[in-house]
Amino acid sequence: MNRRTQMINDRYEAMMFAKSAEQARASARELIRVVLGDEAAQKPLEEALRECCRVMRPSHDPREQQRFEEEFIELGIWPNSGQQMAA
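Residues numbered from 1 in each chain as written. Predicted model: local features only at pLDDT ≥ 70, side-chain atom pairs only at ≥ 80, totals over all residues. Heavy atoms only, no water.

A. Examining the overall build of the protein chain more closely. When you go through the protein chain residue by residue, the secondary structure sums to five helices and zero strands. Ordered by position from N to C terminus, the α and β elements of the protein chain give α-α-α-α-α. Every one of the 87 residues in the protein chain was classed for burial, and the buried ones make up 33%. For the protein chain, the accessible surface area stands at approximately 5,900 Å², while carbon and sulfur atoms represent 50% of it. (Helix = DSSP H or I, 4+ residues; strand = E, 2+ residues; numbered from the N terminus. Buried < 20%, exposed > 50% of the residue type's maximum accessible area, 1.4 Å probe, protein only. Areas by Shrake-Rupley, 256 points an atom, 1.4 Å probe, with all protein chains shown as cover.)

B. Layout of the packing of aromatic side chains. On inspection of all chains with the given rule, the structure shows one aromatic pair. Ring geometry for Y12 versus F72: centroids 5.8 Å apart, planes at 20°, classification stacked. Of this pair, Y12 sits in helix α1 (residues 3-16) while F72 sits in helix α4 (residues 62-77), and the two are 60 residues apart along the sequence. We note R57 situated over the ring of F68; from NZ or CZ to the ring centre the distance is 3.7 Å. (Phe/Tyr/Trp six-rings, centres within 6.5 Å; stacked < 30°, edge-to-face > 60°. Lys NZ or Arg CZ within 6 Å of the ring centre and 35° of its normal.)

C. Quick look at the environment of E47. Within the secondary structure layout, E47 lies in helix α3 (residues 45-56). The sequence separation of E47 and E69 amounts to 22 residues, and the corresponding C-alpha distance is 9.8 Å.

D. Quick peek at the packing of α1 against helix α2 (residues 21-36). Contact geometry of α1 with α2 gives a least axis separation of 8 Å together with a crossing angle of 160°. Accordingly, the angle class assigned to the pair α1 and α2 is roughly antiparallel. α1 and α2 meet at a crossing whose hand is left-handed. Between α1, through R4, M7, I8, R11, Y12, A14 and M15, and α2, the contact on the second element is made entirely by A24, S27, A28, E30, L31, V34 and V35. (Axes fitted to C-alpha atoms, helices over the stretch in contact; angles between N-to-C directions. Parallel < 35°, antiparallel > 145°, perpendicular 65-115°, else oblique. Left-handed = near helix turned anticlockwise from the far one by under 90°. Contact = heavy atoms within 4.5 Å.)

E. The arrangement of the pattern of salt bridges in detail. Applying the stated criterion to the full structure yields eight salt bridges. The shortest N-O distance in the salt bridge between E51 and K43 comes to 2.7 Å. For E51, a relative accessible area of 22% puts it in the partly exposed group. You can call K43 partly exposed: its relative accessible area is 28%. Here E70 makes a salt bridge to R50, at a shortest N to O gap of 2.6 Å. Highlighted residues: E70 in helix α4 and R50 in helix α3, separated in sequence by 20 residues. Residue E70 is classed as partly exposed on the basis of its relative accessible area of 36%. In this structure R50 comes out as buried when scored by relative accessible area, which is 18%. Through salt bridges with shared partners, one network takes in E46, R50, R54, E69 and E70. (Salt bridge = Lys/Arg side-chain N within 4 Å of Asp/Glu carboxyl O.)

And the structure:
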């Protein structure tokens with residue numbers, strides 16, 4: 001496994017197992033920086049996470065891709081609001 005792949009895996013795991021929303025967002029930003037580059041860090045977090053997901057987990061089925069992206073965003077932005085938690 002090369003260094004970049006290891007960095008991506010480490011940051012993805014940190015995002016998955018974050019114990020707070022702040023940790024999840026920080027890990028998500030680090031993952032975005034590694035996958036998409038420094039300029040992507042200037043984008044809104046949700047948009048950057050969608051792009052990151054498209055690179056890491058692409059799908060030919062648009063519905064499946066949307067589901068992947070929503071799950072990815074949920075990992076990086078949890079809990080964003082009480083409304084999302086209730087939904």
